[in-house]
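Each chain is listed here by its residues.
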Amino acid sequence: MSGSTYVGRFAPSPSGPLHAGSLVAALASFLDARVHKGRWLLRIEDIDETRTVAGAAEDIVATLAALDMHSDGPILVQSQRKARYQLAREALGSLAYPCGCSRKEIADSRVGTASDGAALYPGTCRHGLAPGKTARTLRLRVPDAGQAGELVRFEDRWLGPQVQHLASEVGDFVLQRADGFWAYQLAVVVDDAEQGVTDIVRGADLLDSTARQIYLQGLLGYPTPRYLHLPLLMNEVGEKFSKQNGAQALDLARPLEQLQQAAGFLGLETGQARDRADFWTRALTGWQARFGGR
């Protein structure tokens, strides 16, 4: 991909400081943008305002800067973009419908389990709310099994060919939550399109979301970016390294060591780097050899 068209991004949630797991994603996305001579953008994904920690967004930006990673454009903040998500919802027309089902009702329906482990939505409100029901969420209708668009295929640059059946593995999914906040799936699709993102480099925990996002991109007339899903850094008990699981903030007293550890997890040899400038030279060379041609 030519540098004139490549746009990448890193999109952390401000629920706490940057930690080792999120640094892996930040580093990989930054290296991919630099190797392809493109732009690297920063987006603060605070659409779920209940999880936002005061000052975390500013801390994340400062931490990235201390590690030599700076956004190549204005920093987009999701909580300031609710009107844009509303416009996208309106563009979806009748494919987006109100749903009055609770999580317990969906679980009790026992129609199956979605690929992310949640109970598969049975389609109860597809044809209108039942008498006495009030809308709780807004859902997007996916094609029935065998219909056009129900089978989503894409090539992941790290994991290879991917396939997902929306009807049997996802079901009609939420666009707006019961608490009124827009769902991640809609917000990220709108933001990527409006920022001109061509390449998404992120953790494999978001692989399952990709087919839904590709489906939404098609409905809204947006181009589909290329995807690269990274392996996840795990803690000592095999859980994803995350703020929810007690991951500690990066130690900025040792920035070179933090960068080297993240690069090592990605399979890049930078351990003999003399300083940060030397680290970046080595890391870029390693990423170029692995992903520069694709």
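Look up a bit, the structure's there.
Everything in this summary refers to the structure shown in the same document. (Residues numbered from 1 in each chain as written. Predicted model: local features only at pLDDT ≥ 70, side-chain atom pairs only at ≥ 80, totals over all residues. Heavy atoms only, no water.)

## With respect to the overall build of the chain
- The helix and strand tally for the chain stands at 9 helices and 10 strands.
- Taking 294 residues into account, the globule formula puts the C-alpha radius of gyration at 19 Å, and the chain, at 20 Å, falls close to it.
- Counting only C-alpha atoms and orienting by the principal axes, one finds that the chain spans roughly 70 × 40 × 35 Å.
- When the 294 residues of the chain are sorted by exposure, 48% land in the buried category.
- Here the contacts in the chain between residues at least 6 apart in sequence split such that 75% fall between residues at least 24 apart.
- On the chain, roughly 13,500 Å² of surface is accessible, and the fraction owed to carbon and sulfur atoms is 53%.
- The averaged location of the 33 negative side-chain charges in the chain is 3 Å from the averaged location of its 32 positive side-chain charges. (Helix = DSSP H or I, 4+ residues; strand = E, 2+ residues; numbered from the N terminus. Rg over C-alpha atoms; globule rule 2.2 N^0.38 Å. Buried < 20%, exposed > 50% of the residue type's maximum accessible area, 1.4 Å probe, protein only. Contact = heavy atoms within 4.5 Å. Areas by Shrake-Rupley, 256 points an atom, 1.4 Å probe, with all protein chains shown as cover. Lys, Arg positive; Asp, Glu negative; His and termini not counted. Charge placed at Lys NZ, Arg CZ, Asp CG, Glu CD.)

## With respect to the sheet that holds strand S2 (residues 39-44)
- The 3 strands lie next to each other as S1-S2-S3, forming an open sheet whose pairing is parallel. Edge positions in the sheet fall to strand S1 (7-10) and strand S3 (76-77), since each has one partner strand and no second.
- Bridge count between S1 and S2: 4 bridges; the pairing is parallel. The residue bridging Gly 8 from the neighbouring strand is Trp 40, located in S2. (Pairing = 2+ DSSP bridges.)

## Description of the sheet that holds strand S5 (residues 137-140)
- The strand order across the open sheet formed by 3 strands is S4-S5-S8, and the pairing between neighbours is antiparallel. Each end of this open sheet is capped by a strand with a single partner; those strands are strand S4 (96-99) and strand S8 (173-176). For this sheet the average axis-to-axis angle between neighbouring strands, irrespective of direction, equals 45°.
- With 4 bridges joining them, S4 and S5 adopt antiparallel strand pairing. (Axes fitted to C-alpha atoms, helices over the stretch in contact; angles between N-to-C directions.)

## Details of the packing of helix H1 (residues 20-35) against helix H9 (residues 276-291)
- Contact geometry for H1 and H9: axes closest at 9 Å, N-to-C directions at 75°. Between H1 and H9, the angle is such that the two are roughly perpendicular. Across the interface between the two elements, Leu 27, Ala 28, Phe 30, Leu 31, Asp 32, Arg 34 and Val 35 of H1 pack against Phe 279, Trp 280, Ala 283, Leu 284, Trp 287, Gln 288 and Phe 291 of H9.
- Here the residues of the contact of H1 with H9 sort into 11 nonpolar, 1 polar and 2 charged. (Parallel < 35°, antiparallel > 145°, perpendicular 65-115°, else oblique. Nonpolar A, V, L, I, M, F, W, Y, C, P; charged D, E, K, R; others polar.)

## Things to note about the packing of aromatic side chains
- Counting across every chain of the model gives 7 aromatic pairs.
- Consider the rings of Phe 10 and Trp 40, whose centres lie 6.4 Å apart with planes at 10°: the pair is stacked. Of this pair, Phe 10 sits in strand S1 while Trp 40 sits in strand S2, placing them 30 residues apart in sequence.
- Each member of the aromatic cluster is reached from another via a ring pair, and the members are Phe 10, Phe 30, Trp 40, Phe 279 and Trp 280. (Phe/Tyr/Trp six-rings, centres within 6.5 Å; stacked < 30°, edge-to-face > 60°.)

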